[in-house]
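Analysis of the macromolecular model
Spelled out from the first residue to the last, the chains are:
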Amino acid sequence: MATLLRLLKYVRPSGMLVVATLTLMLLATLIDLLAPWVLRKVFDDGISKSDMGMVLMLALALFGLQLGKSLGSFAQGYTQELIGQNVVFTLRKQMYEHLQRLPFKYYDKAQTGQLMSRMTGDIEAVKNFVGFGGMMLVAGMATFVGTLIFMCSMQWQVTLLALSPIPLLLIVMWMFSRKVGPAWGKIREQMGRLTTTLQENISGIRVVKAFASESKEKSKFAGRNEQNFETNMHRAKLEANAFPLMGFLGGLTFLIMIWVGAVYVANDKMSLGTFMAFQWYTWGIIWPLNMLGWQINIFQQALKAAPRVFEVLDTKVDIESPADGGIDAATIRGSVKFQNVTFAFDKKSNEEQTKDLSKKEAAAASEQDRMEQENRAVIHDIQLDIKQGEVIAVLGATGSGKSSLIALLSRFYDVSEGSVLIDGIDVRDYELDGLRRSIGIVPQETFLFSASIRDNIAFGRPEATQEQIENAAKKAQIHAFIVNMPYGYDTLIGERGVGLSGGQRQRVALARAILMDPPILVLDEATASVDTATESAIHEGLLEVMKGRTTFIIAQRLSSIRRADRIIVLDSGKVVQQGTHRELNEQDGFFRRLLERQEMAAASSH
Ligand SMILES: Nc1ncnc2c1ncn2[C@@H]1O[C@H](COP(=O)(O)OP(=O)(O)OP(=O)(O)O)[C@@H](O)[C@H]1O
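Per an unreviewed UniProt entry, the chain goes by the name ATP-binding cassette subfamily B protein and belongs to Paenibacillus cellulosilyticus. Its UniProt record gives the chain a comment under Subcellular location (unreviewed entry), which states: "Cell membrane".

The structure is reproduced here in structure tokens:
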């Protein structure tokens, strides 16, 4: 019921259209009800009295009624679809906008295929009910009730007798509805899983092929496809059992009507005209009941699909600008302070933790969670003070927490304890978009869109001039490569940058960050996939780019951090060493061991 009420809210903006459609439907119903009544007159006032003038007039009246109905149907079909499409449009817009706002935490767990299927199939199922099923239900009910009124007013005894199979028909329908609902729920869920398998296979096709795992993946897909096939066949079986039974019981109404009607006509208790009109009216009883079977189907499908969409819409966005809009980040200069920062990925919100608990229990739970969080933390009590314009290299073994630490700067995640300050202000107090625009990031894995290379570089600044784009590309050492491409900056690159090498993709991402001209720059293993010659060329360019900007370089290769003002070494989420290259070289620790290992590796490769 709650789902239905919530769906109705989406229909409310189309209120006038709904009124227009329902008016047209009710008019069509009235015409349907009047037509048999006119037919009755053809027999009783025309044929039986041999008044051919009357017959002609009534035939023309019937024609006029049908013409009116046809014109009405044309408009009604259009408005009906418009209502459904309005709902689809709003739901898709809301879902898309919400997906854009949802934090990284959500995407760490969400399955792309499930989201795709909710955005497409589930919303479509909702539309079928809102635009078609719901309206037809109203039309069907109006036809049913109207028909009964007309029939009873003509001959109530025959009407009631003809209705005797209806209770049985309602029982069949109720049983069908109870069984088909869960089947639709399963189908929607399975479609989500099927889409996920497909999406993962397409995205990961290179891994599938590299490991020659096509047949394993094929059977995984076949398994899910088969499950969906079986559930659909189960649903079809339910329909195949219920619909003919409903048709049969409807047919019984006809049989009773003809038999009882004939007896009443023979006994002069019913005119021949009324008998003929009843034949027509019987359809007004059978049609809505038969349609009800389909409507239950559409309704149940929508009832199972809508919560899947609402579930996404109801996911809380807990990383947002402050309620008052937040502090303008345009003036950020770039000093950064990590103040007692602890961070765990699976932090639960306070509300989630203390829901349904008393005050005392909530306090105990919160203390327990604080301790658990401390155990799960990937960043432990970090204190760092970074001056504006400083170049900081963050070093550490894989999994030591380098990327996590930097992710807290842009609020991809929020700290569990402590605070991250930029220019002395907590990052949570800034307007979020502005904050993120102030931090240019070249991530480990670059995502490029299927668009021109120019648009990919100008992704964060679509208004940038060609000259600005080219300057950024030059600094990222990619300009020469781009101008040699078939269409230069207009060359289209495939999804995720297909057609470019790993190093080229990384340089496009670097140009993208440089173009944003941010006060803070983050290079996450940014030169990892380029050759040593290009790497040193990039570093030359970066020297100029880094000038005046606070820069974080996350790297494992020592060559890429030589120019850092300070090196921070992380181990299991804790800062274990910090200082200049020279200072750290003089200490016994992770840094010197890394240096020695790399020097040995370099010597053995010569
Ligand atoms: N989204 C996530 N959800 C849960 N745990 C995560 C997530 N991302 C990383 N971790 C865990 O957090 C720890 C730190 O990971 P992080 O990516 O920050 O390390 P890193 O030093 O950048 O590693 P690398 O050099 O390999 O990129 C690791 O133990 C990792 O397993």
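Around the ligand, 14 residues are found, and the nearest of them are Thr398, Lys402, Ser403, Ser404 and Gln444. Thr398 places a polar side-chain atom, nitrogen or oxygen, 2.4 Å from an oxygen atom of the ligand. Coverage of the ligand by the protein amounts to 61% of the 630 Å² it exposes when considered alone.

Looking now at the environment of Lys387. Along the chain, the position of Lys387 falls in the loop between strand 2 (379-386) and strand 3 (391-396). Here Lys387 falls in the exposed class, since its relative accessible area comes to 60%. Each C-alpha atom, one on Lys387 and one on Gly334, is 7.5 Å from the other, the two residues being 53 residues apart in sequence. Setting aside anything within four residues of it in sequence, one finds Lys387 in contact with Gly334, Ser335 and Thr550.

Another point: the packing of aromatic side chains. Under the criterion given, the structure shown has 14 aromatic pairs. Ring centres of Tyr106 and Tyr107 lie 5.4 Å apart, and the angle between their planes is 90°; on these two criteria the pair is classed as edge-to-face. An aromatic cluster of three or more residues is present, and its members are Phe104, Phe343, Phe345, Phe412 and Tyr413.

Pairing is antiparallel in the open sheet, where four strands are placed in the order 2-1-4-5. The open sheet has two edge strands with one neighbour each: strand 2 and strand 5 (425-426). Bridging between strand 1 (residues 336-343) and strand 4 (residues 417-422) involves five bridges; their strand directions are antiparallel. Looking at the pairing, Thr342 lines up with Glu417 of strand 4.

On the surface, Leu168, Ile171, Trp174 and Met175 cluster together to form a nonpolar patch covering roughly 440 Å² of accessible area. Position of Trp174 relative to the elements: it lies in helix 6 (residues 166-203).

Two elements in contact, helix 2 (residues 15-47) and helix 3 (residues 52-101), have axes separated by 8 Å at closest approach and are oriented at 160°. When the axis of helix 2 is compared with that of helix 3, the two are roughly antiparallel. The handedness of the crossing between helix 2 and helix 3 is left-handed.

Taking 1.5 Å as the rise per residue, helix 5 (residues 112-162) with 51 residues should run 75 Å; its terminal C-alpha atoms sit only 54 Å apart, a clear shortfall. Roughly 130° is the biggest bend found in helix 5, and it falls at Gln155.

With that out of the way, let us pick up the nonpolar core. In terms of nonpolar packing, the biggest core is built from 42 residues, with Ile453, Ile457, Ile561, Ile567 and Phe591 touching the most fellow members. Looking at which element gives the most residues to this core, the answer is helix 17 (residues 502-515), with seven residues. Once you skip the residues sitting within four places of it in the chain, Ile453 turns out to touch Ile482, Met485, Gly488, Tyr489, Thr491, Ile493, Leu500 and Val508. Of all hydrophobic cores here, the second largest spans 34 residues; its members include Val341, Leu384, Ile520 and Leu570.

Attention shifts here to the sheet that holds strand 9 (residues 566-571). If you walk across this open sheet you meet the six strands as 6-7-8-3-9-10, and the pairing is mixed. Of all the strands in the sheet, just strand 6 (439-442) and strand 10 (574-579) have a single pairing partner and so form its edges. Averaged over neighbouring strand pairs, the angle between their axes works out to 20° when direction is ignored. By the bridge criterion, four bridges tie strand 3 to strand 8 (residues 550-554) in an arrangement that is parallel. Bridge pairing in strand 8 links Val394 to Ile554.

Conventions used here
Residues numbered from 1 in each chain as written. Predicted model: local features only at pLDDT ≥ 70, side-chain atom pairs only at ≥ 80, totals over all residues. Heavy atoms only, no water. UniProt positions renumbered as here; feature names shortened; annotations may be inferred. Near = heavy atom within 4 Å. Polar contact = N/O pair within 3.5 Å; in protein donor to acceptor, adjacent residues only side chain to side chain. Areas by Shrake-Rupley, 256 points an atom, 1.4 Å probe, with all protein chains shown as cover. Helix = DSSP H or I, 4+ residues; strand = E, 2+ residues; numbered from the N terminus. Buried < 20%, exposed > 50% of the residue type's maximum accessible area, 1.4 Å probe, protein only. Contact = heavy atoms within 4.5 Å. Phe/Tyr/Trp six-rings, centres within 6.5 Å; stacked < 30°, edge-to-face > 60°. Pairing = 2+ DSSP bridges. Patch = residues over 30% accessible without salt bridge, like charges linked within 9 Å, V, L, I, M, F, W, Y side chains within 5 Å. Salt bridge = Lys/Arg side-chain N within 4 Å of Asp/Glu carboxyl O. Axes fitted to C-alpha atoms, helices over the stretch in contact; angles between N-to-C directions. Parallel < 35°, antiparallel > 145°, perpendicular 65-115°, else oblique. Left-handed = near helix turned anticlockwise from the far one by under 90°. Expected span 1.5 Å × (residues − 1). Bend = angle between axes of the 7 residues up to and from the residue. Core = buried A, V, L, I, M, F, W, Y, C linked by side-chain atoms within 4.5 Å.

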